[in-house]
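# A closer look at the structure
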Amino acid sequence: DGQVLGGVYVYSYGAGQVDLDFGEIVSTSGAEGLYVYTGSTVTELDIDVTGITSAGTGIGATTYNNGATNITATGSIIAGANGVFVENNGTGRTNVQTGAVQSGDDYTAIDVMNADNVGDDATRDLTILSTGILDGGVHGIRAVQQGSGDLNITTDAKVSNRIVGIGLGAVDGETQYFNASIKAT
């Protein structure tokens, strides 16, 4: 739970669950603060981090695991690129919970996709919960739900963008299975 200086890269091709718990991560080299890749034999990915300051992407994850992808950042994420970028290519749900997130000018505060790469009828909900201000360059939140589950987005603070586009964008790739709940307070 201490401070980590420099980027953290985790690649897991083994079986079982991957649990990552960090305090503050600071990366000034232009690389990600934290990047995680999981293969198809991983059963679940859990990331807990207090906060991230990164010249590149704050938290990046590319997952193929067959269970849930859970990302929780209780503190602020300040990034030169995307604040949080998740591409879930596996069969499990995606849950992202954050405090305040600020991205670089040409990037998005929270960018999450459940990709339609699994070729089965897996129900993969996509849930984003933010309790802090989301300040994106292009988008505050970009959510792409191509899975056969629900899309739930809840924010308790301002969602904004600084350049073009919209503050909040939700895209559906499989309309026949899509239920969306978007709540901004």
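Heads up: these notes are all about the structure in this document. Being a predicted model, the structure only gives us computed values, none of them experimental. (Residues numbered from 1 in each chain as written. Predicted model: local features only at pLDDT ≥ 70, side-chain atom pairs only at ≥ 80, totals over all residues. Heavy atoms only, no water.)

### Some remarks on the pairing of strand β6 (residues 59-63)
- Among the 5 residues of β6, 5 are classified as buried, and the element is accordingly described as predominantly covered.
- Across 5 bridges, the pairing between strand β4 (residues 34-38) and β6 is parallel. When the sheet's bridge partners are listed, V36 is paired in β6 with A61.
- Sheet topology note: the β6/strand β9 (residues 84-88) ladder contains 5 bridges and is parallel. What sits directly across from G60, in β9, is F85. (Buried < 20%, exposed > 50% of the residue type's maximum accessible area, 1.4 Å probe, protein only. Helix = DSSP H or I, 4+ residues; strand = E, 2+ residues; numbered from the N terminus. Pairing = 2+ DSSP bridges.)

### Some remarks on the packing of aromatic side chains
- Within the structure shown, the criterion is met by 5 aromatic pairs.
- Each ring, one from Y37 and one from Y64, has its centre 5.7 Å from the other, and the planes form 50°; the classification is tilted. Of this pair, Y37 sits in strand β4 while Y64 sits in the loop between β6 and β7 (69-73), placing them 27 residues apart in sequence.
- Residue classification places Y64 among the partly exposed residues on the basis of a relative accessible area of 35%.
- Taken together, the aromatic side chains of Y9, Y11, Y13, Y35, Y37 and Y64 make up a single cluster linked through ring pairs. (Phe/Tyr/Trp six-rings, centres within 6.5 Å; stacked < 30°, edge-to-face > 60°.)

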